[in-house]
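Results of the structural survey
So the chains spell out like this:
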Amino acid sequence: MHEGAQSYPDRPRHHHFGVRVEHRAEIDAAWEYLTAHRDEYGLRQIDPQVVRHGSYSIHLQEPGTNFWEIECYEDVLRKDSGEERLGGVRSRHWDHADEDAPASARGYTPLAFTHGTLGATDADAYGHFVEAVLGLEAHRAYAAVRYIKHPATKHFVVALQVPEPQSFSPNFRFTIGLESAQAVEDAHAELAARRSEVGLTDLGSLEADGAGASFILRDVNGNWWELAA
Ligand SMILES: [Fe+2]
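All chains use their own residue numbering, which begins from 1 and follows the written sequence. With pLDDT at 70 or above as the cut-off, local features in this predicted model cover only qualifying residues; side-chain atom pairs require 80 or more to be listed or tallied, and sums for whole chains, interfaces and linings still use all residues. Heavy atoms from the whole structure form the basis of all side-chain values; hydrogens and water molecules are not counted.

1. Notes on the sheet that holds strand β1 (residues 16-21)
Strand order across the open sheet formed by eight strands is β2-β3-β4-β1-β5-β8-β7-β6, with mixed pairing between neighbours. Strands with a single pairing partner mark the edges of an open sheet, and in this sheet they are β2 (45-52) and β6 (137-142). Each adjacent strand pair in this sheet contributes to an overall mean axis angle of 25 degrees, direction not counted. When DSSP locates at least two bridges between a pair of strands, those strands are taken to pair. In this text, helices come from DSSP runs of H or I with a minimum length of four residues, and strands from runs of E with a minimum of two, each type numbered from the N-terminal end. Sheet topology note: the β1/strand β5 (residues 112-120) ladder contains three bridges and is antiparallel. Axis lines are fitted through C-alpha atoms, for helices just across the contact stretch, and the angle between N-to-C directions can take any value from 0 to 180 degrees.

2. Thoughts on the coordination of the iron ion
Each metal site is built from N, O and S donor atoms within 2.8 Å (3.2 Å for Na, K and Ca), and since water is not included, such sites may look incomplete. Around the iron ion, the protein supplies His-16 (NE2), Glu-69 (OE) and His-115 (NE2) as donor atoms, at distances of 2.0 to 2.2 Å. Going along the chain, you hit the donors of the iron ion in the pattern H-x52-E-x45-H. Placement of the pair is Glu-69 in strand β4 (residues 67-72) and His-115 in strand β5, with a sequence separation of 46 residues. Each member of the pair Glu-69 and His-115 is classed as buried. The cut-offs for exposure are 20% and 50% of the maximum accessible area for each residue type, with area from a 1.4 Å probe on protein chains only; residues under the lower value are buried, those over the upper are exposed, and the others partly exposed.

3. Quick look at the layout of surface pockets
Cavities and pockets were defined on a 1 Å grid built over protein atoms only: a cavity is a set of grid points that admits a 1.4 Å probe from which the probe cannot escape, a pocket is an open set flanked by protein on both sides within 12 Å along at least five of seven lines, and lining residues are those with an atom within 4 Å of any such point. Grid points are joined across faces, edges and corners, and a volume is the space filled by probe spheres set on the points. Its volume calculated, the largest pocket comes out at about 390 Å³. Around the largest pocket, the lining comprises 21 residues; the ones closest to its centre are His-155, Val-157, Phe-174, Thr-175 and Trp-225. For the lining of the largest pocket, the secondary-structure elements that each account for two or more residues are β5, β7 (145-149), β8 (156-161) and β9 (173-177). Considering every element that reaches the lining of the largest pocket, the biggest residue donor is β9, with five residues. Residues are grouped as follows: Ala, Val, Leu, Ile, Met, Phe, Trp, Tyr, Cys and Pro are nonpolar; Asp, Glu, Lys and Arg are charged; all remaining types, including Gly, are polar. In terms of residue class, the lining of the largest pocket is built from eleven nonpolar, eight polar and two charged.

4. With respect to the packing of aromatic side chains
Only Phe, Tyr and Trp rings are paired, with Trp represented by its six-membered ring, and only when their centres lie within 6.5 Å; those with planes under 30 degrees apart are stacked, over 60 edge-to-face, the remainder tilted. Evaluated as defined, the whole model comprises twelve aromatic pairs. Ring-pair connections join several aromatic residues into one group, and the members of that group are Phe-17, Trp-68, Phe-113, Phe-168, Phe-172, Phe-174 and Trp-225. As a reminder, the over-ring test applies to NZ of lysine and CZ of arginine, requiring each to be within 6 Å of the ring centre and within 35 degrees of the ring normal. Across from the ring centre of Tyr-56, 3.8 Å away, lies the NZ or CZ of Arg-24, which sits over that ring. It is Arg-106 that lies over the ring of Tyr-108; its NZ or CZ is 5.1 Å from the centre.

5. Section: helix α1 (residues 24-36)
Here the expected span of a helix is defined as 1.5 Å times the quantity of residues minus one. Look at α1: 19 Å from first C-alpha to last across 13 residues, which is about the 18 Å you get at 1.5 Å a residue. Inspection of α1 places Glu-26, Ile-27, Ala-30, Tyr-33 and Leu-34 among the buried residues, and these make up the whole buried set. An end-on view of α1 places all buried positions within 130 degrees of arc, on one side of the element. Seen from the buried face of α1, the exposed residues on the opposite side, beyond 90 degrees, are Ala-25, Glu-32 and Ala-36. Contacts are assigned to residue pairs that have any heavy atoms within 4.5 Å of one another. Among the structural elements, β1, α2 (38-41), β2, β3 (55-61) and β4 are those in contact with the buried residues of α1. Arc, as used here, means the arc of the directions from the helix axis to the C-beta atoms.

Pasting the structure below:
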């Protein structure tokens, strides 16, 4: 995902991907397992358990330099309002955990890919951009944090306020699915006409092959998005 060998001093906090387990004990098991197998998997870094934004988590950096979070919201879900806030991102992202399934030899079983992250210099302005231009929800998790998501799905992108935007390759992007190739074409035409008004720093050409269509754009914070169908 991260191209090249540049260093990103803000990681892992600002750029990582998250998977979720059901039980808190799995986080401890994951830390023990990954620490024991660190050389085998070429892990560059394994941060110990931390409680942050309601999640009990560990963070690790794999050989490709990407950071991952293994998270658990078991504690939050014991509270009545834990599931409902912030568009439901903390509720289970799976229909049911199969408690009778054989236990993983690793001691932990991620059940969902839950989130990615990006940076924005102004959380309020970025939330407005996300809603007005990308057509997604921007939930105010904290003053400097927005959870970006579609109302019908649970996975989300965390926008964290950062002092300086990062410069990533277009390969590091999030893709939004539209209902049809025509909708993608219409969106491209509209954004081409309103490019400076909505603050795009780059707008790729429309790629259409008869079956599908897509294009990429770069927002004012340097983040790449793809709209596709
Ligand atoms: Fe995270």
